[in-house]
Amino acid sequence: MLQVEVLDLLECARHLNLSLNTVKRYARTCEPKALRRAPRYRPTLVDPYRDHLQERRSDPGS
């Protein structure tokens, strides 16, 4: 039984073009929405200059 289930998951992963671990994780949960996480904002090198860059982009004279 387990062998058949793993093959089904593998087939599903191939069909969806997802990793087998991802398909297994979704198969184990009752609610797929519970697996969704909000994206985390990570600071970038541009952050200190973001306002200046937006100002320059919106300026039609440049």
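Because the structure is predicted, anything quoted here is derived from the model rather than measured.

About the thresholds
Residues numbered from 1 in each chain as written. Predicted model: local features only at pLDDT ≥ 70, side-chain atom pairs only at ≥ 80, totals over all residues. Heavy atoms only, no water. Helix = DSSP H or I, 4+ residues; strand = E, 2+ residues; numbered from the N terminus. Buried < 20%, exposed > 50% of the residue type's maximum accessible area, 1.4 Å probe, protein only. Areas by Shrake-Rupley, 256 points an atom, 1.4 Å probe, with all protein chains shown as cover. Patch = residues over 30% accessible without salt bridge, like charges linked within 9 Å, V, L, I, M, F, W, Y side chains within 5 Å. Salt bridge = Lys/Arg side-chain N within 4 Å of Asp/Glu carboxyl O. pLDDT = per-residue confidence, 0-100. Lys, Arg positive; Asp, Glu negative; His and termini not counted. Charge placed at Lys NZ, Arg CZ, Asp CG, Glu CD.

Participant: Explain the overall build of the chain to me, please; I cannot follow it from the model alone.
Facilitator: Within the chain one finds three helices and zero strands. Listing every helix and strand of the chain by position from the N terminus yields α-α-α. Looking at the chain as a whole, 8% of its 62 residues qualify as buried. Here the chain has roughly 6500 Å² of accessible surface; of this, 54% comes from carbon and sulfur atoms.

Participant: I keep staring at a nonpolar patch on the surface and nothing clicks. Help me out?
Facilitator: There is a patch of nonpolar side chains on the surface, built from L45, V46, Y49 and L53 and spanning about 450 Å² of accessible area. Of note, L53 is situated in helix 3 (residues 50-58). By relative accessible area, L53 is classed as partly exposed at 43%.

Participant: Please clarify how the confidence of the model for the chain should be interpreted in this entry.
Facilitator: Close inspection of predicted coordinates is inappropriate in any region flagged by low pLDDT. Considering every residue of the chain, the mean pLDDT works out to 82; 84% of them sit at 70 or more. Per-element confidence in the chain is highest for helix 3, whose mean pLDDT is 91, and lowest for helix 1 (residues 2-16), whose mean pLDDT is 76.

Participant: Any chance you could explain a positive patch on the surface here in plain terms?
Facilitator: On the surface, K24, R25, R28, R37 and R40 cluster together into a positively charged patch. Structurally, R28 can be placed in helix 2 (residues 20-28). Residue R28 is classed as exposed on the basis of its relative accessible area, which comes to 64%.

Participant: Help me out: how do you make sense of unusual backbone geometry in this one?
Facilitator: Most peptide bonds are trans, and most residues other than glycine sit at a negative phi. In the Ramachandran plot, N17 falls in the positive-phi region, its phi being about 60 degrees despite a non-glycine side chain. Along the chain, N17 falls in the loop between helix 1 and helix 2.

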